[in-house]
2 protein chains.
Amino acid sequence: MSSRMKPDFSPEERAAVYRVIRERRDVRSDFISEEIPDAVLGRILTAAHHAPSVGLMQPWDFILIRNFSIRKQIHAHAQSMKDRGDIYEGDRKALYCSLKLEGILEAPLNICITCDRSRTTGYGLGRQSDSMTDLYSAACAIQNLWLAARAESIGIGWVSILDWDRVKQLLNIPRERHIVAYLCAGFVSAFRRKPELETAGWEVRTKISNLLHFDQWENQDRQRADAILGTHDE
Amino acid sequence: MSSRMKPDFSPEERAAVYRVIRERRDVRSDFISEEIPDAVLGRILTAAHHAPSVGLMQPWDFILIRNFSIRKQIHAHAQSMKDRGDIYEGDRKALYCSLKLEGILEAPLNICITCDRSRTTGYGLGRQSDSMTDLYSAACAIQNLWLAARAESIGIGWVSILDWDRVKQLLNIPRERHIVAYLCAGFVSAFRRKPELETAGWEVRTKISNLLHFDQWENQDRQRADAILGTHDE
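Note that this is a predicted model, so its numbers are computed, not measured.

Novice: Looking at this model, I keep getting lost on the interface of chain B and chain A. Mind explaining?
Specialist: A common way to state how big an interface is: give the accessible area lost once the parts meet. Residue-level contacts link 124 residues of chain B with 124 residues of chain A. For the chain B and chain A pair, buried surface summed over both sides reaches about 10,800 Å², with 60% attributable to carbon and sulfur atoms. Here chain B is connected to chain A by 12 salt bridges. A salt bridge links Arg150 of chain B to Asp8 of chain A, with the nearest nitrogen and oxygen atoms 2.8 Å apart.

Novice: Whenever I open this one, unusual backbone geometry confuses me. Can you help?
Specialist: Most peptide bonds take the trans form, and the phi angle of most residues other than glycine is negative. All names here are of chain A. Of note in the backbone geometry, Gln58 takes a positive phi value of approximately 50° without being a glycine. Within the fold, Gln58 resides in the loop between helix 2 (38-49) and strand 1 (60-65). Backbone geometry places Asn172, a non-glycine residue, at a positive phi of 55°. Relative to the helices and strands, Asn172 is located in the loop between helix 7 (164-171) and strand 4 (178-187).

Novice: Please clarify how the packing of helix 2 of chain A against helix 9 (residues 222-229) of chain B should be interpreted in this entry.
Specialist: Axis angle and axis distance: for two packed helices, these are the angle between their axes and the distance between the axes, and together they describe the pair. Where helix 2 of chain A meets helix 9 of chain B, the axes come as close as 6 Å, and the angle between the chain directions of the two elements is 85°. In this view, helix 2 of chain A runs roughly perpendicular relative to helix 9 of chain B, as classed from their interaxial angle. Across from Asp38, Leu41, Gly42, Leu45 and Thr46 of chain A in helix 2 of chain A, the residues of helix 9 of chain B making contact are Arg224, Ala227, Ile228 and Leu229 of chain B. For the contact of helix 2 of chain A with helix 9 of chain B, the per-class residue count stands at five nonpolar, two polar and two charged.

Novice: Would you take a moment to explain the environment of Gly201 of chain A for this structure?
Specialist: The residue Gly201 of chain A is located in the loop between helix 8 (196-199) and strand 5 (212-214) in this model. Those residues in contact with Gly201 of chain A that lie beyond four places of it in its chain are Arg92 and Leu95 of chain A.

Novice: Help me understand the sheet that holds strand 2 (residues 109-115) of chain A, please; the structure alone is not making it clear to me.
Specialist: By definition, the strands of a sheet pair up through backbone hydrogen bonds, in either a parallel or an antiparallel sense. Strands sit in the order 3(A)-4(A)-2(A)-1(A)-5(B) across an open sheet of five strands; the sheet is mixed. Because the sheet does not close on itself, it has two edges, and the strands there are strand 3 (154-158) of chain A together with strand 5 (212-214) of chain B. Adjacent strand axes in the sheet meet at a mean angle of 25°, parallel and antiparallel pairs treated alike. Relative to strand 5 of chain B, strand 1 of chain A is paired through three bridges, and the arrangement is parallel.

Novice: Would you mind going over the side chain of Asp30 of chain B with me for this structure?
Specialist: Residues and elements named next belong to chain B. With respect to the element layout, Asp30 can be found in the loop between helix 1 (11-23) and helix 2 (38-49). We classify Asp30 as buried; its relative accessible area is 13%. When near neighbours in sequence (up to four residues on either side) are disregarded, Asp30 contacts Phe187, Val188, Ser189, Ala190, Arg192 and Glu196.

Novice: Please explain the relation of the copies chain B and chain A as it appears in this structure.
Specialist: Here the second copy of the chain follows from the first by a rotation about an axis and a shift along it. In the superposition of chain B on chain A (RMSD 0.0 Å, axial shift 0.0 Å), the rotation amounts to 180°. One copy is carried onto the other by what is essentially a two-fold rotation axis. In this assembly the copies share their binding face: 100% of the residues contributing to the interface of chain B also contribute to that of chain A.

Novice: So what exactly am I meant to see when it comes to the environment of Ser129 of chain A here?
Specialist: Tracing the backbone shows Ser129 of chain A in the loop between strand 2 and helix 6 (133-151). Leaving out residues up to four positions away in the same chain, Ser129 of chain A has contacts with Met81, Ser160, Ile161 and Leu162 of chain B. A polar contact of 2.7 Å, which involves the side chain of Ser129 of chain A, links it to the backbone oxygen of Ser160 of chain B.

Novice: Got a minute to help me understand the nonpolar core in this structure?
Specialist: Counting residues in each nonpolar core, the largest one holds 100 residues, and the members touching the most others are Leu64, Ile111 and Leu183 of chain A together with Leu64, Ile111 and Leu183 of chain B. Not counting residues up to four positions away in its chain, the partners in contact with Leu183 of chain A are Leu109, Asn110, Ile111, Ile113, Ile142, Leu145, Ile156, Gly157 and Trp158 of chain A.

Novice: Is there a simple way to explain helix 4 (residues 90-98) of chain B in this structure?
Specialist: Note on helix geometry: an α-helix contains 3.6 residues per turn, so any two residues three or four positions apart are oriented the same way. Residue and element names in this part refer to chain B. Every buried residue of helix 4 is listed here: Arg92, Leu95 and Tyr96. Along helix 4, the residues classed as buried sweep out an arc of 100° about the axis, all on the same side. In helix 4, the exposed positions angled more than 90 degrees off the buried face are occupied by Gly90 and Asp91. Where helix 4 is buried, its residues touch helix 3 (68-84).

Novice: Help me out: how do you make sense of the pairing of strand 3 of chain A in this one?
Specialist: The side chains of a regular strand alternate, residue by residue, between the two faces of the sheet. Residues and elements named next belong to chain A. Buried residues dominate strand 3, accounting for five of its five residues. With five bridges joining them, strand 3 and strand 4 adopt antiparallel strand pairing. Bridge assignment links Gly155 to a residue of strand 4, and that residue is Gly186.

Novice: Would you explain the pattern of salt bridges in this entry?
Specialist: Where charged atoms from two side chains of opposite charge come close, those side chains can pair. Residues and elements named next belong to chain A. The final tally for this structure, using the stated rule, is 40 salt bridges over all chains. With a shortest N-O distance of 3.1 Å, Arg19 and Glu23 are connected by a salt bridge. Taken as a pair, Arg19 and Glu23 lie in helix 1 (residues 11-23) at a separation of four residues, close to a single helical turn. Looking at Arg19, the relative accessible area reads 15%, which means it is buried.

Parameters at a glance
- Residues numbered from 1 in each chain as written.
- Chains lettered and ligands numbered in written order.
- Predicted model: local features only at pLDDT ≥ 70, side-chain atom pairs only at ≥ 80, totals over all residues.
- Heavy atoms only, no water.
- Contact = heavy atoms within 4.5 Å.
- Buried area = accessible area lost by both parts, 1.4 Å probe.
- Salt bridge = Lys/Arg side-chain N within 4 Å of Asp/Glu carboxyl O.
- Helix = DSSP H or I, 4+ residues; strand = E, 2+ residues; numbered from the N terminus.
- Axes fitted to C-alpha atoms, helices over the stretch in contact; angles between N-to-C directions.
- Parallel < 35°, antiparallel > 145°, perpendicular 65-115°, else oblique.
- Nonpolar A, V, L, I, M, F, W, Y, C, P; charged D, E, K, R; others polar.
- Pairing = 2+ DSSP bridges.
- Buried < 20%, exposed > 50% of the residue type's maximum accessible area, 1.4 Å probe, protein only.
- Least-squares fit on C-alpha atoms with pLDDT ≥ 70 in both.
- Polar contact = N/O pair within 3.5 Å; in protein donor to acceptor, adjacent residues only side chain to side chain.
- Core = buried A, V, L, I, M, F, W, Y, C linked by side-chain atoms within 4.5 Å.
- Arc of directions from axis to C-beta.

So, in structure tokens, the structure goes:
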């Protein structure tokens, strides 16, 4: 048995990794219009491309949308979806209506991430038993991009209210491509301390100890969970 | 219009974020058996839990599998899937057969991540137009965990060859839960400089400039892509 390598991230480097994970936010309201320099954009796209992918499939494509008239069409579509999808009532309806879609226009850049489900890169490795793994790879790429952006003080907002068929029309995306996400990207006036949905009273953070199981599903040992999580779960 | 916040990550912190993204690996072969201390495990699980999730749904659960007899059953199942799923021929078949599944046993910990597709946290926000977003949230949590683990010098291997129904049986996971991933986790003797699949000759890194589009799908401006990507794409 070989021996364990020496830790190769310094305490400061480790702290930076945890900090970016903790301080990443889904940005809706705080974008400013300043353009993202090419060098910064290159770094965050490269971060996305360095995500894990099943069989090294790299199933993603990135459409960078700066054109304002296209973004106005996307925004109008999002607004109509929001009006149509009003399934909430009372206080929650008021909250829902207050959620902003203006990031599409206020941020200088939108990014649409697609997954090519028939891409042959990777030779299908790891996709026979679970055909969704290519989509998970694309989601991992988005998370990498999101974290890199946060380290660059760039906010990302994930718009999940769109009808992908309409987005495909507006961006001329081939029908057979699968849209995974539509993001707004831009510098911000500030990052909020807590998720906007939490501050707005939409939802609260679940305790992780409720989500831990040991060896088998039925074993939810709270004492064991507390020993692992310590003060993280407060 | 408010003004842009000052960059709040130092150059060193930013470099650490990019380093962890670049040096993360899918580990198959280099695990050592040393237990992961509770404090470290608590940190990487908390990192997973701080992932973005649609509507703050937090749809995940984590099953931590240390029990060796359960892992032996998972490993035997994986091996039978590998034997059965032998769809490759010639050199590629030899390569496929050489890919290791021993991490399930050699790493001290396996982690199964599930998605509760009917969890009411988040009140369905962002799930009406794309019902897959909860699964993407779970994939983002896995990527957070993976990066945090790398910063702790812990390797993660994603086993994507399993039949989830069989895994549910072995771990007593309720039928209606959706398994997103089965991971091996443990300290390693070393992290490889390149993905094992690349070194083994399975697949190569795609150039990102081939995957960039501007405003609409058909606009693949190579000069523009090169200006953004600079030396990242070499």
